[in-house]
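Below, each chain spelled out in residue letters.
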Amino acid sequence: MTDSPVSISLTLDGVTELSPQTLQALYRINGRSTVEMRRAAASGEPLYTCSLFGTDHIHVAPRLEKTAAFLLEHGIPFRVHELADGERSEVSLEVMQSILGEA
């Protein structure tokens, strides 16, 4: 995850703790450490962030999509945010998918 001026993040919505099994599954999907994800969930910070248009986009965008799919499949509520020009705004899952398709 690089410092790109445009990124998309997934933040848990009303969930502050994930089971060890869920954390392990998410680690296998997105590569972010279970400790980092546990802290992010507890503090309401993004569980996973994908920088767009950077050199690692081809690797992180699929991880973002797979993380969102996992959360949906397991009924774990989350919000999607876009960070552009220093402004953070909530977007729908459909908008996220559209953005990733164009990036």
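A brief report on the enclosed structure follows. What you see is a predicted model; the values in this text were computed from it and never measured. (Residues numbered from 1 in each chain as written. Predicted model: local features only at pLDDT ≥ 70, side-chain atom pairs only at ≥ 80, totals over all residues. Heavy atoms only, no water.)

Thoughts on the overall build of the protein
Per the secondary structure count, the protein includes four helices and four strands. In the protein, the succession of helices and strands from N to C terminus is β-α-α-β-α-β-β-α. The C-alpha atoms of the protein give 13 Å as radius of gyration, which agrees with the globular expectation for 103 residues (13 Å, within 12%). Overall, the C-alpha framework of the protein stretches about 35 × 25 × 25 Å when taken along its three principal axes. Of all intrachain contacts in the protein linking residues separated by at least 6 positions in sequence, the fraction that spans at least 24 positions is 69%. Accessible surface, the protein as shown: approximately 5,900 Å² in total, 49% of it carbon and sulfur. Charge-centre separation for the protein: the mean point of 8 positive side chains lies 10 Å from the mean point of 14 negative side chains. (Helix = DSSP H or I, 4+ residues; strand = E, 2+ residues; numbered from the N terminus. Rg over C-alpha atoms; globule rule 2.2 N^0.38 Å. Contact = heavy atoms within 4.5 Å. Areas by Shrake-Rupley, 256 points an atom, 1.4 Å probe, with all protein chains shown as cover. Lys, Arg positive; Asp, Glu negative; His and termini not counted. Charge placed at Lys NZ, Arg CZ, Asp CG, Glu CD.)

Focus: the pattern of salt bridges
Considering all chains together, one arrives at three salt bridges under this definition. Between Arg79 and Glu90 there is a salt bridge, with the nearest N and O atoms lying 3.1 Å from each other. Here the residue Arg79 occupies a position in strand 3 (residues 78-84), and Glu90 occupies one in strand 4 (residues 87-91), the gap between them amounting to 11 residues. In this structure Arg79 comes out as partly exposed when scored by relative accessible area, which is 36%. Here the salt bridges share partners, and the residues they tie into one network are Asp13, Arg79 and Glu90. (Salt bridge = Lys/Arg side-chain N within 4 Å of Asp/Glu carboxyl O. Buried < 20%, exposed > 50% of the residue type's maximum accessible area, 1.4 Å probe, protein only.)

What about the packing of helix 1 (residues 20-30) against helix 2 (residues 34-43)?
For the pair helix 1 and helix 2, the least separation of the axes is 9 Å and the interaxial angle reads 115 degrees. As summarised for this structure, helix 1 and helix 2 are arranged roughly perpendicular, according to the angle between their axes. In terms of crossing hand, the pair formed by helix 1 and helix 2 is right-handed. Within the contact between the two elements, helix 1 uses Leu23, Gln24, Leu26, Tyr27 and Asn30 and helix 2 uses Thr34, Met37 and Arg38. Split by residue class, the contact of helix 1 with helix 2 holds four nonpolar, three polar and one charged. (Axes fitted to C-alpha atoms, helices over the stretch in contact; angles between N-to-C directions. Parallel < 35°, antiparallel > 145°, perpendicular 65-115°, else oblique. Left-handed = near helix turned anticlockwise from the far one by under 90°. Nonpolar A, V, L, I, M, F, W, Y, C, P; charged D, E, K, R; others polar.)

Looking at the environment of Ile99
Counting through the fold element by element, Ile99 comes out in helix 4 (residues 93-102). Along the chain, Ile99 and Leu52 lie 47 residues apart, while their C-alpha atoms are 9.1 Å from each other. Excluding residues that lie within four positions of it along the chain, Ile99 makes contacts with Ile8, Leu52 and Glu82.

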